[in-house]
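Okay, here's what each chain looks like letter by letter:
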Amino acid sequence: MDLSAFQWQLDRPIRMKTAEFQKEDRLTHCIFAAQLTRPLLDKLCFIAELIRVLSRTKEGSNKLRELLSHKRAMLYFTQPSTRTFLSFMAACQILGITCNDVRDPSVSSEVKKESPMDSIRMFSSYFDLIIMRSNVSKFAECCAYQMNDLAQNSMRSVPIINGGAGSDEHPTQALLDMYTIERTFQFDHKENSPRSRYMEMRRKYSDLTLGPDNKTYAFCGDLGRGRTVRSLATVLGQYKNVTMCFIAPEDETLQLDPDLRDNLIGKGVNVYELDSLDATVNGKPVLEEADCLYMTRIQKEHDTPELAARYQQLDLSHYKLTLDRVSHMKDYAPILHPFPRDSEEAEIPTDIDNDPRAMYFRQARNGMWARAALLLHIADAVDHLNVLYKEFYGVSAEESLQ
Ligand code: CP
């Protein structure tokens, strides 16, 4: 795909780019994890919580569906996806947005040599929002520039949401990961993580605090090619007193990107790079130290024959969970995974699924609420949600959820 027309925009520092993708405090496009500032994450997590609560009743669901029933969304997913595609579709349905999708460009006019940039502009003629996934790293970013150029020329322009771009960025995965981490460490989930559990855990782990600050996060697997780790680590780097342990096989293609490492260290993160789930940090096993473990699969779809041959020499058993390894983790430490997991390599065997720390299915469901929150924010309709909540419960959302 020829994106050379956008090269001068792509080459700029990230802070110049993010400024172009927002209007005051509201995102106009969601392209980078770096756009998910801490105040915005707090806001989106709160909105997600309101949507979740209102969805519990038929009346609440019906009211939610009125919020954006005048909007239409295009889901342009030319790279395979289960969770991101379906959770965005479900999020649209929750808010009443009508959806359509193109998942296979061979059934679109791209077979007649229409360029993907023209496809995007055509989608913007019919829809109010474009949610997209592509195997081309900078494509979503360039689409956002195209939309901004159109807006500057007083032409129709719609928000672009990046649902995964090459091996580069997956900002909405970072959003749902943070929503899951926030919920877990606030211990305010009545069924699975109640506040009484926090008091119990404090007695056992005296340095445990509420929230994502002051925690050790361990990431394991294909850290070099996994866009979810890059996006989540970028977002977590904003929190206070954070330690990150990156556990990857000894092949530089699978290890932490040096630029990301330098960026995290520059933000004050304590960074450790380890070669096994059984490795130690400051003399203690990393699995005993971790407050949260983020597993990933080896992304074989990016392998060349040469890489595949090289990886054959690696002992991947160091990067797989077992019941024994899980038994060494802190009682409250969530095990996350963006999924899909690899059913053949089994980096998380299914016998771990019933462990209370296994959070990955709830994490995936959280994607629906977090993405609905993002859609509402981008559509500038959060005030309508607050009005709806007060009508429904007779108290403001702030009062109710405090
Ligand atoms: N986590 C994630 O992006 O999953 P999908 O590839 O199934 O969308």
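The rules we used
- Residues numbered from 1 in each chain as written.
- Predicted model: local features only at pLDDT ≥ 70, side-chain atom pairs only at ≥ 80, totals over all residues.
- Heavy atoms only, no water.
- Pairing = 2+ DSSP bridges.
- Helix = DSSP H or I, 4+ residues; strand = E, 2+ residues; numbered from the N terminus.
- Near = heavy atom within 4 Å.
- Polar contact = N/O pair within 3.5 Å; in protein donor to acceptor, adjacent residues only side chain to side chain.
- Areas by Shrake-Rupley, 256 points an atom, 1.4 Å probe, with all protein chains shown as cover.
- Nonpolar A, V, L, I, M, F, W, Y, C, P; charged D, E, K, R; others polar.
- Contact = heavy atoms within 4.5 Å.
- Axes fitted to C-alpha atoms, helices over the stretch in contact; angles between N-to-C directions.

**Digging into the sheet that holds strand E9 (residues 270-274)**
Phase 1: A sheet is described by the order of its strands in space; here 5 strands give the open sequence E9-E8-E7-E12-E13, paired in parallel fashion. The open sheet terminates on both sides in strands that have one partner only, identified here as E9 and strand E13 (335-336).
Phase 2: Strand direction decides the pairing type here: strand E8 (residues 243-247) and E9, joined by 5 bridges, are parallel. Each bridged residue has a counterpart across the sheet, and for Thr 243 the counterpart in E9 is Asn 270.

**Quick word on the site of the ligand**
Phase 1: The immediate surroundings of the ligand are formed by Ser 81, Thr 82, Arg 83, Thr 84, Arg 133, His 170, Gln 173, Pro 338 and Phe 339.
Phase 2: The separation between an oxygen atom of the ligand and a polar side-chain atom of His 170 is 2.9 Å.
Phase 3: Computed on the free molecule, the ligand has an accessible area of 260 Å², of which 91% lies beneath the protein chains in the complex.
Phase 4: A per-class count over the shell around the ligand returns 2 nonpolar, 5 polar and 2 charged.

**What to know about the environment of Thr 296**
Phase 1: Note on placement: Thr 296 falls in the loop between strand E12 (292-295) and helix H13 (305-311).
Phase 2: When the C-alpha atoms of Thr 296 and Gln 152 are compared, they prove to be 41 Å apart, with 144 residues separating the residues in sequence.
Phase 3: In this structure Thr 296 touches Cys 220, Gly 221, Asp 222, Leu 223, Thr 228, Val 229, His 337, Pro 338 and Glu 347, once residues within four positions along its chain are discounted.
Phase 4: For Thr 296, the side chain forms a polar contact with the main-chain nitrogen of Asp 222, separated by 3.1 Å.

**Here's the deal with the sheet that holds strand E5 (residues 129-134)**
Phase 1: Within the open sheet, the 4 strands sit side by side as E4-E3-E5-E6. Their pairing is parallel. Looking at the sheet topology across the chains shown, the edges are occupied by strand E4 (98-102) and strand E6 (160-165). Direction aside, the axes of adjacent strands within the sheet are offset by 15° on average.
Phase 2: Bridge count for strand E3 (residues 72-77) against E4 is 5 bridges, and the pairing is parallel. Among the inter-strand pairings, Arg 72 is bridged to a residue of E4, identified as Thr 98.
Phase 3: Strands E3, E4, E5 and E6 of the sheet are contacted by helix H6 (residues 116-126), whose axis makes an angle of about 160° with E3.

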